[in-house]
Structures are given as structure tokens and as C-alpha cells.
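Below, each chain spelled out in residue letters.
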Amino acid sequence: MKPEINAAVGFLSRFLRVKGHVNDRQVQTFSQSLQDILAEQYKHHWFPDRPCKGSGYRCIRINHKMDPLVGQAGQRIGLTIQQLYLLLPSELTLWVDPFEVSYRIGEDGSICVLYESTPTPVVLCKEELMVLGRTSPSKAYNMMTVSS
């Protein structure tokens, strides 16, 4: 989750840096604040095994309404919502999903990928046994079932 959040925050922070009126220390504080806010927000909505699940929840959206998480990070450095509207694109959608971060500027803009990685394959015990040619564990194994 960390590289995806870093990519999204870096993208938004560049707008603050490029458009000016925000010093380096403020940009750094904004970035750290937004990273913390997003990590907390996404912690129970991050599904690497099903990356599309929860995508709408993790979407950062700026249009006629400022995304509340971006607004919160901006307020921590003394920026009002009106100032954020001047610094950030007026129409932005940013999707922060496991293994991919993408964005669209404007309602009809193209979707561009900011960050992409490939998932590390997870081999389940059952799959490992099948690779070895077994469909069930060896009789020599003592099986223990744990339930919650």
C-alpha cells in the first residue's frame, strides 16, 4: 500500500510545488499528512488479492467539491479549500488501487497510469500440494484445524 500512496501523494504535491505560493516545508508537511491520512483511511479497504474491490472508496476526487482527505491535509498547512482549488486541477480523479495508481484530469480526459507493479504470486498450501501431484496431504501429516 505504501508505494501506491506515495505515488498518489507525490502527484498531488507536485501541483502545490509547481503552482507556487507554497514553500518546500509546507509541501513536505502536506505530503506527510496526506500519506498518514490515506494509510489510515485505506487500512481496512486494501485487498491485494482483489485490487478492484474498494476502488470507489479509495478514489480521490476533486470537482465541484474538494476531496475531504485532500482538504484535511491542506488545512494542516494553512490552505483553505478555495486556495486548494486554485492549486489543484479543478476536475481530477485519482484511483489508488493495489498495484496501480492512475488519474484522469477533466471529465473526458484520458486515464493515465502513474504507478504500476506486478503482484507477488502467493502460493497457497493447496496449490503447492497440487504441484507435487497430490490432491490431499500425505497420510504422515497430522492435521490440526483451527477455527475462530
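The rules behind the values
- Residues numbered from 1 in each chain as written.
- Predicted model: local features only at pLDDT ≥ 70, side-chain atom pairs only at ≥ 80, totals over all residues.
- Heavy atoms only, no water.
- Helix = DSSP H or I, 4+ residues; strand = E, 2+ residues; numbered from the N terminus.
- Buried < 20%, exposed > 50% of the residue type's maximum accessible area, 1.4 Å probe, protein only.
- Contact = heavy atoms within 4.5 Å.
- UniProt positions renumbered as here; feature names shortened; annotations may be inferred.
- Salt bridge = Lys/Arg side-chain N within 4 Å of Asp/Glu carboxyl O.
- Axes fitted to C-alpha atoms, helices over the stretch in contact; angles between N-to-C directions.
- Parallel < 35°, antiparallel > 145°, perpendicular 65-115°, else oblique.
- Left-handed = near helix turned anticlockwise from the far one by under 90°.
- Nonpolar A, V, L, I, M, F, W, Y, C, P; charged D, E, K, R; others polar.
- pLDDT = per-residue confidence, 0-100.

Caption draft 1: Spotlight on the overall build of the protein chain. When you go through the protein chain residue by residue, the secondary structure sums to six helices and four strands. Starting at the N terminus and ending at the C terminus, the protein chain contains elements arranged as α-α-α-β-α-α-β-β-β-α. Looking at the 148 residues of the protein chain, the share that counts as buried comes to 34%. Partitioning the contacts of the protein chain with sequence separation of at least 6, the portion at a separation of at least 24 is 53%.

Caption draft 2: Region of the structure containing the UniProt feature "domain: Anti-proliferative protein" (unreviewed entry) in the protein chain. Listed under "domain: Anti-proliferative protein" (unreviewed entry) in the UniProt record, and renumbered for this structure, are residues 42-62 and 88-107. Structurally, residues 42-62 comprises 24% helix and 14% strand, and the distance from its first C-alpha atom to its last is 18 Å. Split by type, residues 88-107 is 0% helix and 60% strand. Its first and last C-alpha atoms lie 15 Å apart.

Caption draft 3: Quick peek at the pattern of salt bridges. Enumeration according to the criterion identifies six salt bridges in this entry. Taking the shortest distance from any N to any O, the salt bridge between Arg104 and Glu107 comes out at 3.9 Å. Under the relative-accessibility criterion, Arg104 is labelled buried at 17%. One network of salt bridges, in which partners are shared, links Arg61, Glu91, Arg104 and Glu107.

Caption draft 4: Just the packing of helix α1 (residues 2-19) against helix α2 (residues 24-42), in detail. Direction vectors running N to C along α1 and α2 enclose 150 degrees, while the axes themselves pass 9 Å from each other. What the angle tells us is that α1 and α2 run roughly antiparallel. The way α1 lies across α2 gives a crossing that is right-handed. Side by side, α1 and α2 meet where Ile5, Asn6, Val9, Leu12, Ser13, Leu16 and Arg17 of the first sit next to Asp24, Val27, Phe30, Ser31, Leu34, Gln35, Leu38, Ala39 and Tyr42 of the second. Looking at the contact of α1 with α2 residue by residue, the class counts come to 10 nonpolar, four polar and two charged.

Caption draft 5: Layout of the environment of Asp49. Mapping Asp49 onto the fold places it in the loop between α2 and α3 (55-58). We classify Asp49 as exposed; its relative accessible area is 66%. In this structure, the C-alpha to C-alpha distance between Asp49 and Pro119, residues 70 residues apart in sequence, is 8.6 Å.

Caption draft 6: Here's a closer look at the confidence of the model for the protein chain. Predicted confidence across the protein chain gives a mean pLDDT of 83, with 80% of residues reaching 70 or more. Per-residue pLDDT, averaged within each element of the protein chain, yields its smallest value for helix α6 (residues 125-131) (51) and its largest for helix α4 (residues 68-75) (97). Throughout residues 135-145 the model reports pLDDT below 50, and contacts reaching past four residues in sequence, or to other chains, amount to four contacts.

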